[in-house]
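Understanding the architecture of this molecule
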Amino acid sequence: MLGVRCRLLDGLAAALLRCELCGPDTGAASGVFENFPCHDSLAGGNYHIVKIPVLRWGQSYESLELDKVVHFVTGETLAQVSQANPGLLARDMKKAQRARDVLREIPIRDLVPMMKKAGELFKDATLPMGDGQQSPDDFARQQSASTGLPEHMCKANMAKNHFVLSNMERILDCLTRGLDLEILTRGYGLESRGVIVSYQAQSPVLGLVLPSNSPGVHTLWMPVIPMQIGLVLKPGPQEPWTPYRMAAAFFQAGVPREAISIYPGGGEMGAEVVNRCRRVKIFGSTETVQRYHGNPCVQVHGPGFSKILLGDDLVDQWEKYLDLMVDSVHLNSGRGCINCSGLWASRHTQEIAQALAERLGPIDAKPPEDPSAGIAAFTVPGQAQAIHASILDKLKEEGVTDVTAKFGSRLVEKERCAYLRPWVIHCDAPERKIAQTEYMFPYVTVVQCSQAEMIDKIGPTLVCSAITNDKKWERQLIDATNIDRLNIGPIPTIQLNWLQPHEGNIVDFLFRARAFQAPPERT
């Protein structure tokens, strides 16, 4: 996944916190950030407050109930977003089959070029956004202003989306294992080896309950439209920008409007999407993952607990891999489930922790428009403070050391938001409770553990980068069922191969392979 670190907030309940962000429009605040200038295009009230409607199978619908998307520095209103309700979705889902039908009228070989065109439009074009227009620079500023992510990281996520859409033909070929894509349209057909295969769509649409804190997750649903499955999107309350901009790009590229619905709303709307759609992706906490465990209709993207393991054969050369470690922890402000939150080795762990602290500890909060900004703001009131208090409490355990303490407080509080500076913690044994924690900022525990115990002790791990040349251990790592994505060698945890599945193959999730027979003349 380009996954997401909702550590303290449930993925479905997080949207309920939007009411805490909906205070009066107070205009540009003075002294909000010492030495933090406001964006010229967003500050001082000299901009258009975007009115964003519900999108019901491509048709705009304005609700009487509105939610505000606000600037995390000034508190100014960036957008007023119409709020859907469960009854509206219940009525609209009666037309869900139409979304798949209109897409099946267009051959997949024609939908794939539309994805490439949509990618270009998303990256470069001025597109409709509610009752206004949005340039690529507007998009990055607005997304940054509402999510707290630095602008250059927002632009980097735009580039990821563009890359995936531009390479959709190769991605689908790999995800379907070279299947003739017309088989997905027809439901059956002959493979190249002369065997009849059949794939049955399990839902006419894919529902998505999207987060606010990690815009990069949107790459996960981009292959859906070219597979002729419709989209039902419930945006995160602070991040409506990507779903609406992507929908506008799809429509201009030729995708039928009837194929896409977007339903902004609170936690009840997220729950309704789960209840009404036969296939759903959601993003949330460990509790959310546990709630839907074993439910074949719901694919949950939760905490990654991604790790770097240093093998005994290479751990004495750990300095060679320091840049890799720093990038794995820090890039994208540590918000992804593929960011490293645990670094495990049998020796040199104190030296490794000190070296990481020297690189990460001094990083401080900077304005979101600063191209060197390395950490994102926490825009939900009290969230950063709660995480900070939780970590301080866990640090009381014997054998646990805060290696970044000498670089000052990790909590930076501002008038309307807060930051958590990168945190490096050393654990003298894997049994320390803090060794199995993860948060949505650059945070890592360096854990001392024998190589023989690592696989059993690391627990569930989305991405494991094992730096080793030990073939016997490599075999054990390949066989380890608690590791999802495995990198053998010096590969950052954040390095994705878009031609491989991320947290489950979306084709296998949306389509069921089944037995099928027909006379030869029919195939």
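Read on for an overview of the structure. (Residues numbered from 1 in each chain as written. Predicted model: local features only at pLDDT ≥ 70, side-chain atom pairs only at ≥ 80, totals over all residues. Heavy atoms only, no water.)

**Overview of the sheet that holds strand β20 (residues 423–427)**
Taken together, the 7 strands give an open sheet; going across it, the order is β17-β20-β21-β16-β15-β22-β23, and neighbouring strands pair in mixed fashion. Lying at the two open borders of the sheet, with one neighbouring strand each, are β17 (400–402) and β23 (483–488). If you compare each strand with its neighbour and ignore which way they point, the axes differ by 20° on average. In the sheet, strand β15 (residues 306–310) pairs with strand β22 (residues 461–467) via 4 bridges, with the strands oriented parallel. The residue of β22 that forms the bridge with Ile308 is Ser465. The sheet contacts of helix α13 (residues 383–394) involve β17, β20 and β21 (443–448), and relative to β20 the element is tilted by about 20°. (Pairing = 2+ DSSP bridges. Helix = DSSP H or I, 4+ residues; strand = E, 2+ residues; numbered from the N terminus. Axes fitted to C-alpha atoms, helices over the stretch in contact; angles between N-to-C directions. Contact = heavy atoms within 4.5 Å.)

**Considerations on the packing of helix α11 (residues 322–330) against helix α12 (residues 349–360)**
Following both chains from N to C, one finds α11 and α12 inclined at 60°, their axes separated by 10 Å at the closest point. As the angle between them shows, α11 and α12 are arranged oblique. As for the relative orientation of α11 and α12, their crossing is right-handed in sense. Between α11 and α12, the contacting residues are Leu322, Asp323, Met325, Val326, Val329 and His330 on the first element and Ile352, Ala355, Leu356, Arg359 and Leu360 on the second. Across the contact of α11 with α12, the residue classes tally to 8 nonpolar, 1 polar and 2 charged. (Parallel < 35°, antiparallel > 145°, perpendicular 65-115°, else oblique. Left-handed = near helix turned anticlockwise from the far one by under 90°. Nonpolar A, V, L, I, M, F, W, Y, C, P; charged D, E, K, R; others polar.)

**Side note on the environment of Asn505**
Relative to the elements of secondary structure, Asn505 occurs in the loop between β23 and α16 (506–510). Residues Asn505 and Leu175, 330 residues apart in the sequence, show an inter-C-alpha distance of 6.7 Å. Dropping the residues within four chain positions of it, Asn505 is found in contact with Leu175 and Arg177.

**What about helix α2 (residues 96–104)?**
Among the residues making up α2, those that are buried are Ala96, Ala99, Arg100, Val102 and Leu103. On an axial view of α2, the arc spanned by its buried residues comes to 165°, and they lie on one face. (Buried < 20%, exposed > 50% of the residue type's maximum accessible area, 1.4 Å probe, protein only. Arc of directions from axis to C-beta.)

**Notes on unusual backbone geometry**
Backbone geometry places Trp57, a non-glycine residue, at a positive phi of 50°. If you trace the backbone, Trp57 turns up in the loop between β2 (54–56) and β3 (59–61). We note that Phe305 has phi near 45°; this positive angle belongs to a residue other than glycine. Here Phe305 is to be found in the loop between β14 (298–301) and β15.

**Observations concerning the nonpolar core**
Counting 68 residues, the largest nonpolar core has Trp221, Ile225, Leu231, Phe250, Ile260 and Leu510 as the members making the most contacts within it. Of the residues forming this core, the biggest block, 9 residues, is contributed by helix α8 (residues 241–253). With residues near it in sequence (within four places) discarded, Trp221 still touches Leu208, Leu210, Leu231, Leu233, Pro243, Met246 and Phe250. By size, the runner-up hydrophobic cluster in this structure holds 34 residues, among which are Ile308, Ala353, Leu356 and Tyr419. (Core = buried A, V, L, I, M, F, W, Y, C linked by side-chain atoms within 4.5 Å.)

**Observations concerning the pairing of β22**
The element β22 is largely enclosed, with a buried count of 7 among its 7 residues. As paired strands, β22 and β23 are joined by 5 bridges and run parallel to one another. Pairing of Cys464 across the sheet is with Leu486, part of β23. As a crossover connection, the stretch from β22 through helix α15 (residues 471–479) into β23 is right-handed. (Right-handed = clockwise from strand over helix to strand, strands pointing away.)

**Regarding the packing of helix α3 (residues 108–124) against helix α5 (residues 151–166)**
Between α3 and α5, whose axes approach to 7 Å, the crossing angle comes to 165°. Relative to α5, the element α3 lies roughly antiparallel. Considering how the two elements wind past one another, α3 and α5 form a crossing that is left-handed. Of the residues in α5, those in contact with Met115, Lys116, Ala118, Gly119, Glu120, Phe122 and Lys123 of α3 are Met158, Asn161, His162, Leu165 and Ser166. For the contact of α3 with α5, the residue count by class is 5 nonpolar, 4 polar and 3 charged.

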